[in-house]
Amino acid sequence: MNSINIEKLKEIILNNLENKSVDLKRVFHGRGNFYDDFKYLVVDSINDILMATFFEEVEADIQKNIIKILDEVYATKDFKTLIIQRRYKKDNIYEIIRGKVSNNAIAYEDGLKYALNFSNQNIGIFPDMKNGRKFIKEISKDKNVLNLFSYTCAFSVSAISAGASKVVNVDMAKNALTTGRTNHHLNNLDTKKVKFLPYNILKSWSRIKKEGPYDIIIIDPPSFQKGSFAATKDYEKIIRRLDELAASSCTILACLNAPELDSLFLKEVFAIHSRGFKFLKRLENVEEFVTNNEEKSLKNLVFFR
């Protein structure tokens, strides 16, 4: 791992903004474990918003210096808003340093739009899942798609935009599904082909099954959500149900973002608990999110039968 000073941090961010576009992009990923000095920091370019997230509280002078160089980047690259997010705080985690945030703020990715919410801890779209959304977009034409743990339905937007015959989104969070509807409307997509089911997935198999069988199933759960999902014990409960949900020919995108669980964990769960599904490939992570230990980062595994 490398130690870098504050000026080097600025240089890295500016280099990653050399071909700045409207598309959502991670321009510094300190949590990738390459940089000892800034492992608590990530910086995103979101259209005309520059946002830095602190995952740990650091010394006031250090934080002040980081914000100073971000302010310089903000001015140099013609951003309209500079936001600091402090994830270590319980309340008031956002501070607008420059400009203002519109209630209709959106992120762009591959020609599609996604609504943003700067009052939630997560703004509404995860930039590290870009390659997963691209993969689903490539295979969804004329397919019936099940999107489990759909959150704000970004996978659904990708699938419907590519000509999916139907997408069923399932998530406990009604507010997230409401944003999901907004995301479809933002892209002028036909929501007659889309269902938004506010269910606890592990308790709603019969209702989910009614909309099947599914040609594509996306499983993108939180690694741990108190009271609802723990990957170590609950992932296999989903895999056991695949046979009653899946079409005879079916592609599964199984996602896992728990650093303590590697890709072998998912492969073994499928080998033991699924019927006929074989591991096909692991999707490469977005370049900006590549770490010095990919087994601790996002794992997107594709299975097929």
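In every chain, residue numbers begin from 1 and rise along the written sequence. Per-residue local features of the predicted model are confined to residues with pLDDT of at least 70, and side-chain atom pairs are confined, for both listing and counting, to 80 or more; whole-chain, interface and lining totals are unaffected and use all residues. Hydrogens and water are ignored here; the side-chain numbers use all heavy atoms of the structure.

### Some words on the environment of Asp110
Applicable threshold: A run of H or I in DSSP counts as a helix once it spans at least four residues, and a run of E counts as a strand once it spans at least two, with each numbered from the N terminus. Burial classification: accessible surface area is computed with a 1.4 Å probe over protein chains only, and a residue below 20% of its type maximum counts as buried, one above 50% as exposed, and the rest as partly exposed. Residue contacts are defined here by distance: any two heavy atoms, one from each residue, within 4.5 Å place the two residues in contact.
Within the secondary structure, Asp110 sits in the loop between strand 6 (106-109) and strand 7 (112-115). By relative accessible area, Asp110 is classed as partly exposed at 37%. For Asp110 and Ile6, which are 104 residues apart along the polypeptide, the C-alpha to C-alpha distance reads 32 Å. When neighbours within four sequence positions are excluded, Asp110 is seen to be in contact with Asp23, Lys130 and Lys137.

### Re the packing of helix 3 (residues 130-139) against helix 4 (residues 154-161)
For any two helices packed against each other, one specifies the inter-axial angle together with the distance between the axes. Put simply, the test is: Whenever a helix is involved, its axis is fitted only over the stretch in contact; in every case the axis is a line through C-alpha atoms, and angles between N-to-C directions fall within 0 to 180 degrees. Orientation labels follow simple angle bins: below 35 degrees gives roughly parallel, above 145 gives roughly antiparallel, 65 to 115 gives roughly perpendicular, and whatever is left gives oblique. Note: crossing handedness is left-handed where the near helix turns anticlockwise from the far helix by less than a right angle, and right-handed where it turns clockwise. Residues are grouped as follows: Ala, Val, Leu, Ile, Met, Phe, Trp, Tyr, Cys and Pro are nonpolar; Asp, Glu, Lys and Arg are charged; all remaining types, including Gly, are polar.
It is at 8 Å that the axes of helix 3 and helix 4 come closest, and there the two elements cross at 30°. As summarised for this structure, helix 3 and helix 4 are arranged roughly parallel, according to the angle between their axes. Both helix 3 and helix 4 take part in a crossing whose hand is right-handed. Where helix 3 abuts helix 4, its residues Gly132, Arg133, Ile136 and Lys137 lie against Ala154, Phe155, Ser158, Ala159 and Ser161. Class assignment for the residues of the contact of helix 3 with helix 4 results in four nonpolar, three polar and two charged.

### A few points about the pattern of salt bridges
Put simply, the rule reads: Should a side-chain nitrogen of Lys or Arg be within 4 Å of a carboxyl oxygen of Asp or Glu, the pair is scored as a salt bridge.
Counted by the stated rule, this structure contains 15 salt bridges. Two residues, Lys10 and Glu72, come together in a salt bridge whose shortest N-O distance is 2.7 Å. Taken together, the positions of Lys10 in helix 1 (residues 6-16) and Glu72 in helix 2 (residues 60-76) put the pair 62 residues apart, joining distant regions of the chain. Since its relative accessible area comes to 18%, Lys10 is described here as buried. A salt bridge links Arg26 to Asp44, with the nearest nitrogen and oxygen atoms 2.4 Å apart. Of this pair, Arg26 sits in strand 1 (residues 25-29) while Asp44 is found in strand 2 (residues 41-46), placing the two residues 18 residues apart along the sequence. Comparing Arg26 with Asp44 shows no difference in burial state: the two are buried. Each of the salt bridges in this network shares a partner with another, and the network as a whole consists of Lys10, Lys68 and Glu72.

### A closer look at the packing of helix 1 against helix 2
Their axes nearest at 10 Å, the elements helix 1 and helix 2 cross at an angle of 30°. Taken together, the axis directions place helix 1 and helix 2 in an arrangement best described as roughly parallel. Of the two possible hands of crossing, helix 1 and helix 2 adopt the one that is right-handed. For the pair formed by helix 1 and helix 2, the contact residues are Ile6, Glu7, Leu9, Lys10, Ile13 and Leu14 on the first element and Asn65, Ile66, Ile69, Leu70, Glu72, Val73 and Thr76 on the second.

### Topic: the sheet that holds strand 10 (residues 194-197)
Stated precisely, the cut-off is as follows: Whether two strands pair comes down to DSSP finding at least two bridges between them.
A sheet is described by the order of its strands in space; here seven strands give the open sequence 10-9-8-11-14-16-15, paired in mixed fashion. Two strands in the sheet have a free side with no partner beyond their single neighbour: strand 10 and strand 15 (278-282). Neighbour to neighbour, the strand axes of the sheet diverge by 20° on average, direction disregarded. In this sheet, strand 10 lies alongside strand 9 (residues 166-170) in parallel orientation, the contact comprising four bridges. The residue bridging Val170 from the neighbouring strand is Leu197, located in strand 10. Running over the sheet, helix 3 touches strand 11 (214-219), strand 14 (246-256), strand 15 and strand 16 (299-304) and is turned about 165° from strand 14. Packing against the sheet, helix 5 (residues 174-186) makes contact with strand 9 and strand 10, and its axis sits at approximately 165° to strand 10.

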